[in-house]
Amino acid sequence: MNNTTIDWNQKARDTATRLSGKILIDGQLTDALCRDTIDVIHPGDISNIGHVPRCNEADVDRAVNSAQQAFSSWRNVAARERGRQLQLAADQLEIEKELIARLCSLDTGNAIRTQSRPETASTIDLTRMFGGLASELKGETVPSASANVLQFSIREPIGVVGGIIPWNAPLFLFVAKVAPALAAGNTVVIKTAEQAPLCVLLVAEIMNRELPPGVLNIVSGYGEECGKPLCEHPLVRKVTFTGSMPVGCAIAGYVASKLCPVTLELGGKNPAIIMPDADLDLAIPGIIDGMRYTRQGQACTAATRVFVHRDLYDQVVEGVVTSLAKLKLGDPLDDETDMGCIISEEQLNRTLHYMEIARNTEGARILFGGERPTEPLLAKGYYYPPTLLDGLQLDNDVCRDEIFGPVATLLPFTDFNSVISDANDTEFGLAANLWTRDLARAMAFVNQIEAGFVQVNQCAAPRSNVSYGGIKMSGLGKEYALDSMLNHFTQSKTVMINPGTPAASV
Ligand code: ADP
């Protein structure tokens, strides 16, 4: 490590200390009413970097009331002016980007070079994009049966939006909710994830330099104690959630009795299919990217079921194993590191549980990884290597459940129709990708695959300006693009204007 790096890391730790114990209400970092706190642990060395309030209904109520109060004026700020303020907020984030990325790595254990800096850059980009899109909040005019009646629709903000975010890409998922909601004239209360709250609080604090007090508020705490009352609060008129499928279903239940619209971005058990004509120079790095190994597999879009045609099975095994051996597992804050560590002991145990199942399955092979590192530096944290399995049947829990760890399974196939049916044999329907040179195959795949985010010859992460979301049990609604802002963060009002008395003749 050079001195500059040491300074940034210290600055990030000092910032974590400064933000500790605070929530953000009415434009101010403030103490919470609740007394209990939750420790924030850096998973790289299990050091305590700070703590956040364990909020309950009382703090949620304060935050929602602040947002409700701010709504009456924010909704009347001209849309382009709201957008301009978001863009100024993005400029502020740009100034602080290294600090934000460092704190994100401290919170999450994600590697600074491969994850936290790119995530910070996407966060800024998405904020800017929605700032620009504020001018697109247009309605429609509708032809009228009568010449003197004007019929049109207008898009209005909904009110206070309650957002609940996870820890795996906390910054991007935060602005994916906040930026379109604010651009559309809503105000927001976000509950951060208990494992990675501080980097989000920092981003919110920085954005508040440019936003009016109360439009963007942050609470922290556990799901049942803080997330549930946020969803149920009578003044919260829209809920947006990213997280696990069971919690998404619970959230839909919390808001049902007030008929509050809800957007749910949930999990996946995503297939990648390597056809016999695939270009392996693309497909092999593509599988590794697609598995999101450099985020320790902690991504909803991770392609964890890799169906490989038997004709090139051995070649794929060899190519993937060779490439995995080159990934450097290490300190998340070290620029040399490709892959950091798992977020928490709970998540590490989840990975270990599924590896135990694999070990106890007859015929299963561990092609790469599968053992926790023993080097002293890594043994201290929640590290687990990229792991590749095969020899498992599709009905094995390893192939059915979302592990959310760095574990993928190769599954050989011979027939296209049966592989499509196997790929679709899951309750989830989030992402899918196919590797082929055959355009007709690609089109058949796009037509038949049950997923909301489908790619051919690439397995890129979701990005700004591309609508993203799942079908089946992977979610409801899409985010990250203009249509998501219009569909999910505005309500439409249909208007018919009949002038009544004839116009006076001049
Ligand atoms: P993960 O398993 O990835 O942590 P979760 O769905 O449990 O995913 O958590 C994602 C977010 O949802 C976190 O902010 C968490 O606190 C919140 N959460 C968990 N359970 C509930 C719940 N019952 N109600 C509301 N929010 C919840």
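**Considerations on the sheet that holds strand β5 (residues 141–142)**
Point 1. With antiparallel pairing, 3 strands are arranged side by side in an open sheet as β5-β6-β22. Where the open sheet ends on each side, the last strands, each with one partner, are β5 and β22 (490–497).
Point 2. As judged from the 2 bridges shared by β5 and strand β6 (residues 150–157), these two strands associate in the antiparallel manner. If you follow V142 over to β6, its bridge partner there is Q151.

**Considerations on the site of the ligand**
Point 1. The immediate surroundings of the ligand are formed by 18 residues, with I165, K191, E194, S244 and Y254 found nearest.
Point 2. In this structure, a nitrogen atom belonging to the ligand sits 2.8 Å away from a side-chain N or O atom of Y254.
Point 3. Considered on its own, the ligand offers 550 Å² of accessible surface; in the complex 83% of this is hidden by protein.
Point 4. Within the residue set of the shell around the ligand, elements represented by two or more residues are α8 (223–232), β10 (236–242) and α9 (245–256).
Point 5. With 4 residues, the top contributor of residues to the shell around the ligand is α8.
Point 6. Counted by class, the shell around the ligand contains 8 nonpolar, 6 polar and 4 charged residues.

**Digging into the domain arrangement of the protein**
Point 1. Assigned domains of the protein: these are domain 1 (5–266 + 474–493) and domain 2 (271–456).
Point 2. Here the C-alpha centroids of domain 1 and domain 2 sit 30 Å apart.
Point 3. Taken residue by residue, the interface counts 29 residues in domain 1 and 30 residues in domain 2.
Point 4. Surface buried jointly by domain 1 and domain 2 totals about 2400 Å² across both partners, of which 54% is contributed by carbon and sulfur atoms.
Point 5. Our count for the domain 1 to domain 2 interface comes out at 3 salt bridges.
Point 6. Between R117 and D335 there is a salt bridge, with its nearest N and O atoms 2.8 Å apart.
Point 7. The interface formed by domain 1 and domain 2 holds 16 residue pairs in polar contact (both at pLDDT 80 or more) in total.
Point 8. Partitioning the side of domain 1 that touches domain 2 into residue classes produces 10 nonpolar, 13 polar and 6 charged.

**Quick word on helix α11 (residues 313–326)**
Point 1. For α11, which comprises 14 residues, the first-to-last C-alpha distance of 20 Å matches the rise-based estimate of 20 Å (1.5 Å per residue) to within 8%.
Point 2. Listed as buried for α11 are Y313, V316, V317, G319, V320 and L324.
Point 3. The elements touched by buried residues of α11 are α10 (280–290), β13 (305–309), β14 (365–368), β15 (387–390) and β16 (407–413).

**Considerations on the environment of I41**
Point 1. If you trace the backbone, I41 turns up in strand β3 (residues 37–42).
Point 2. Sequence separation between I41 and D314 is 273 residues; the distance between their C-alpha atoms is 41 Å.
Point 3. Residues in contact with I41, not counting those within four places in the same chain, are I46, S47, N48, L106 and D107.

**Some points on unusual backbone geometry**
Point 1. Positive phi values are uncommon outside glycine, yet D26 reaches one of about 55 degrees.
Point 2. Following the sequence through the fold, D26 ends up in the loop between β1 (22–25) and β2 (28–31).
Point 3. In this structure D26 comes out as partly exposed when scored by relative accessible area, which is 42%.
Point 4. Positive phi, normally seen in glycine, also occurs at L259, with a value near 50 degrees.
Point 5. Residue L259 is classed as exposed on the basis of its relative accessible area, which comes to 73%.

**Considering the packing of aromatic side chains**
Point 1. Throughout the structure, instances matching the rule amount to 4 aromatic pairs.
Point 2. Look at W167 and F404: their rings are 5.5 Å apart centre to centre, the planes differ by 80 degrees, and that puts the pair in the edge-to-face class. Highlighted residues: W167 in the loop between β7 (160–164) and α6 (170–183) and F404 in the loop between α14 (397–400) and β16, separated in sequence by 237 residues. Here W167 matches F404 in class, with each residue buried.
Point 3. Between F453 and Y468, the aromatic rings sit 5.3 Å apart at their centres with planes inclined by 90 degrees, giving edge-to-face as the arrangement. Placement of the pair is F453 in strand β19 (residues 453–456) and Y468 in the loop between β19 and β20 (471–472), with a sequence separation of 15 residues. Both residues of the pair, F453 and Y468, count as buried.
Point 4. Chaining the aromatic ring pairs together yields one cluster made of F172, F453, Y468 and Y480.
Point 5. Across from the ring centre of F489, 5.4 Å away, lies the NZ or CZ of K238, which sits over that ring.

**Some details on the nonpolar core**
Point 1. Ranked by size, the top nonpolar core spans 66 residues in total, and within it F174, L182, M207 and L216 carry the most contacts.
Point 2. It is α6 that contributes the most residues to this core, 11 residues altogether.
Point 3. Two domains each provide a minimum of three residues to this core, namely domain 1 (5–266 + 474–493) and domain 2 (271–456).
Point 4. The residues touching L216, leaving out its near neighbours within four places in the chain, are L24, F174, V178, L182, V188, A204, M207, N208 and L211.

**Observations regarding the sheet that holds β13**
Point 1. Sheet architecture is open: 7 strands sit in the order β14-β15-β16-β13-β12-β18-β19, paired in mixed fashion. Strands with a single pairing partner mark the edges of an open sheet, and in this sheet they are β14 and β19. Averaged over all pairs of adjacent strands, the angle between their axes in this sheet comes to 20 degrees, without regard to strand direction.
Point 2. The pairing of β14 with β15 spans 3 bridges and is antiparallel. Across the sheet, residue I366 finds its bridge partner in β15, namely L389.
Point 3. The sheet strands contacting helix α12 (residues 345–359) are β14, β15 and β16, and the helix crosses β15 at an angle near 30 degrees.
Point 4. Contacts from helix α15 (residues 416–424) reach β12 (271–274), β13, β16 and β18 (431–435), with the element oriented near 175 degrees to β13.

Parameters at a glance
- Residues numbered from 1 in each chain as written.
- Predicted model: local features only at pLDDT ≥ 70, side-chain atom pairs only at ≥ 80, totals over all residues.
- Heavy atoms only, no water.
- Pairing = 2+ DSSP bridges.
- Helix = DSSP H or I, 4+ residues; strand = E, 2+ residues; numbered from the N terminus.
- Near = heavy atom within 4 Å.
- Polar contact = N/O pair within 3.5 Å; in protein donor to acceptor, adjacent residues only side chain to side chain.
- Areas by Shrake-Rupley, 256 points an atom, 1.4 Å probe, with all protein chains shown as cover.
- Nonpolar A, V, L, I, M, F, W, Y, C, P; charged D, E, K, R; others polar.
- Domains from an automatic or database assignment.
- Contact = heavy atoms within 4.5 Å.
- Buried area = accessible area lost by both parts, 1.4 Å probe.
- Salt bridge = Lys/Arg side-chain N within 4 Å of Asp/Glu carboxyl O.
- Expected span 1.5 Å × (residues − 1).
- Buried < 20%, exposed > 50% of the residue type's maximum accessible area, 1.4 Å probe, protein only.
- Phe/Tyr/Trp six-rings, centres within 6.5 Å; stacked < 30°, edge-to-face > 60°.
- Lys NZ or Arg CZ within 6 Å of the ring centre and 35° of its normal.
- Core = buried A, V, L, I, M, F, W, Y, C linked by side-chain atoms within 4.5 Å.
- Axes fitted to C-alpha atoms, helices over the stretch in contact; angles between N-to-C directions.

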